[in-house]
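Each chain, letter by letter, is given below.
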Amino acid sequence: MHYLFDNGGVTDGLLGRFGDFRFRQHGSTGTGGGVPGRRRGGCSGAFCGYRQSHGICNHCNRSYQRNLLSDWRSFRDGARQGGAQDHAQATGASVENINLITAGEAELAIAMQDSVMQAYEGFGAFETPNTELRAAMRLWPNYVQLVTTANTGIKSVEDLKGKRVGVGAPNSGVELNARMIYEAYGMTYEDSEVDYLSYGEAIDQMKNGQCDAAFVTSGLPNSTVSELAFSYDMVIVPIDGDGRDNLINKYPFFAASIIPADTYNNEEDVESVFVYNIMLVNKDLSNDMVYDMMDCIFNDIGSIKASHNTADQNIDVTFGVDDVKIPLHDGAAKWWQDHGYDTPQN
């Protein structure tokens, strides 16, 4: 089976191995949401934390080895007879993940819900609606972090006018966030000198005095932002006021939030927004297979929670699926219903 994780933060090609599943990097490089000791650079989009996905897949593999997912094995064996191979692939961005799962080139993918909704309804980065997208569950939130340094004088979103701004790799989750935030504040990219850099690249440019601000969308804390805050007089620009209200009213998959004090060098809470990551499932997977996959994830959720603090805080059956804005795969919907949860989109 083929899994897509938007993880430009993994730079060594072959990341790890567990059973029949292999991690490979495709696309840009960088630490993103925080793989310690790896080279910084181009992580951009929905999923920038390698350990969360690694924890999920490692756990599923252990369950798989204990024969809890016999139909996954049958699927795998049948695919192998046809020359197929199972692996998890780190891709460049949410939009790429959605396009690949739509084309039938993956069974599972992780994407930010703003990108998912654009694809489902056919706006923004997607010209036509894709109403066949299906979800399994919501995952951890990604926080929009607009960062700059004190010497730029940028204290609000409106202050980005006339400034050099890294908005994320084209059509990445970060870039889609930036575009919608500009719109919510009555601005367009034409108001700034925008550069389609991943946030790792944009922050490197900030250190060199070649960029004034950068959009970052990730879990908290982000290791690349932490390094900037440690070495420079970093400022987190609030996303608040009427602009934030406009953003949430038009795009309700955003939610008001704060970046808590002392997350970085910020002594006080900073107003912002977050958007959830969503696990997408290929609509052609059997209901039984998806149901078993959900069992695999939640039967020993402690293993996944232990993989990363973000997973520990944000992946739990008690959260349900009310936050998922597209229909669930029928197998996932049945699993949630059997466990006593409403599935409002189904």
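Residues numbered from 1 in each chain as written. Predicted model: local features only at pLDDT ≥ 70, side-chain atom pairs only at ≥ 80, totals over all residues. Heavy atoms only, no water.

1. Observations concerning the overall build of the protein chain
In terms of regular secondary structure, the protein chain is built from twelve helices and twelve strands. Across the protein chain, every contact between residues at least 6 apart in sequence was considered, and the portion connecting residues at least 24 apart equals 70%. For the protein chain, the accessible surface area stands at approximately 13600 Å², while carbon and sulfur atoms represent 43% of it. (Helix = DSSP H or I, 4+ residues; strand = E, 2+ residues; numbered from the N terminus. Contact = heavy atoms within 4.5 Å. Areas by Shrake-Rupley, 256 points an atom, 1.4 Å probe, with all protein chains shown as cover.)

2. Side note on the environment of V116
As for its position among the elements, V116 is in helix α4 (residues 113-121). On the accessibility criterion, V116 (0% relative accessible area) is buried. Each C-alpha atom, one on V116 and one on S94, is 8.0 Å from the other, the two residues being 22 residues apart in sequence. Apart from the residues lying within four places of it in its own chain, the contact partners of V116 are I98, A111, L133, I278, L280 and I326. (Buried < 20%, exposed > 50% of the residue type's maximum accessible area, 1.4 Å probe, protein only.)

3. Considerations on the confidence of the model for the protein chain
Taken residue by residue, the protein chain gives an average pLDDT of 79. The fraction at 70 or more is 73%. A low-confidence stretch, residues 6-52 (pLDDT under 50), is modelled with 168 contacts involving residues beyond four sequence positions or located in other chains. Taken together, the stretch residues 61-86 has pLDDT below 50 and engages in 43 contacts with residues farther than four places along the chain or on a different chain. (pLDDT = per-residue confidence, 0-100.)

4. A closer look at helix α7 (residues 223-231)
Of all the residues in α7, the buried ones are T224, V225, L228 and A229. Seen from one end, α7 has its buried residues packed into an arc of 135°, which puts them on one side. Its buried side turned inward, α7 meets β6 (134-149), α6 (199-207), β9 (213-218) and β10 (234-237). Sitting at the head of α7, N222 places a side-chain oxygen 2.9 Å from the backbone nitrogen of T224. (Arc of directions from axis to C-beta. Polar contact = N/O pair within 3.5 Å; in protein donor to acceptor, adjacent residues only side chain to side chain.)

5. Re the environment of A214
In this structure, A214 sits in strand β9. As for A214 and V167, which are separated by 47 residues in sequence, their C-alpha atoms are 6.1 Å apart. Beyond its immediate stretch of four places on either side in the chain, A214 contacts Q145, L146, V147, G166, A202, I203 and M206.

6. A closer look at α4
α4 sits mainly inside the fold: eight of its nine residues count as buried. Here α4 has its buried residues at Q113, D114, S115, V116, M117, Q118, A119 and Y120. In this fold, the buried residues of α4 make contact with α3 (94-102), β5 (108-112), β6, α5 (173-184), β11 (254-259) and β12 (270-281). Two residues or fewer after α4 comes G122, characterised by a positive phi angle close to 80°.

7. Topic: unusual backbone geometry
Residue P221 follows L220 across a cis peptide bond; omega there is -15°. Tracing the sequence through the fold places P221 in the loop between β9 and α7. One non-glycine residue, N171, lies in positive phi territory at about 65°. With respect to the secondary-structure elements, N171 resides in the loop between β7 (164-166) and α5. Phi at D262 takes a positive value of approximately 70°, unusual for a residue other than glycine. Within the secondary structure, D262 sits in the loop between β11 and β12. We classify D262 as exposed; its relative accessible area is 62%.

8. Describing the nonpolar core
The biggest cluster of nonpolar side chains holds 91 residues, and the ones touching the most others in it are M137, L160 and F215. Those residues in contact with F215 that sit more than four places away from it in its chain are V144, Q145, L146, L160, V165, G166, V167, V174, A178, I181, Y182 and Y199. (Core = buried A, V, L, I, M, F, W, Y, C linked by side-chain atoms within 4.5 Å.)

9. Section: the packing of α4 against α5
At a minimum axis distance of 9 Å, the contact between α4 and α5 shows a crossing angle of 80°. Classified by the interaxial angle, the pair formed by α4 and α5 is roughly perpendicular. Contact residues: D114, S115 and Q118 in α4; G173, L176, N177 and M180 in α5. Among the residues forming the contact of α4 with α5, the class breakdown is two nonpolar, four polar and one charged. (Axes fitted to C-alpha atoms, helices over the stretch in contact; angles between N-to-C directions. Parallel < 35°, antiparallel > 145°, perpendicular 65-115°, else oblique. Nonpolar A, V, L, I, M, F, W, Y, C, P; charged D, E, K, R; others polar.)

10. Some points on the packing of helix α9 (residues 287-299) against helix α12 (residues 330-338)
The contact between α9 and α12 brings their axes to 7 Å, and the two run at 50°. Here α12 runs oblique to α9, going by the angle between their axes. In this structure, the crossing between α9 and α12 has a hand that is right-handed. Residues N287, V290, Y291, M294, D295 and F298 of α9 pack against D330, G331, A332, K334, W335, W336 and D338 of α12. Taken together, the residues of the contact of α9 with α12 sort by class into seven nonpolar, two polar and four charged. (Left-handed = near helix turned anticlockwise from the far one by under 90°.)

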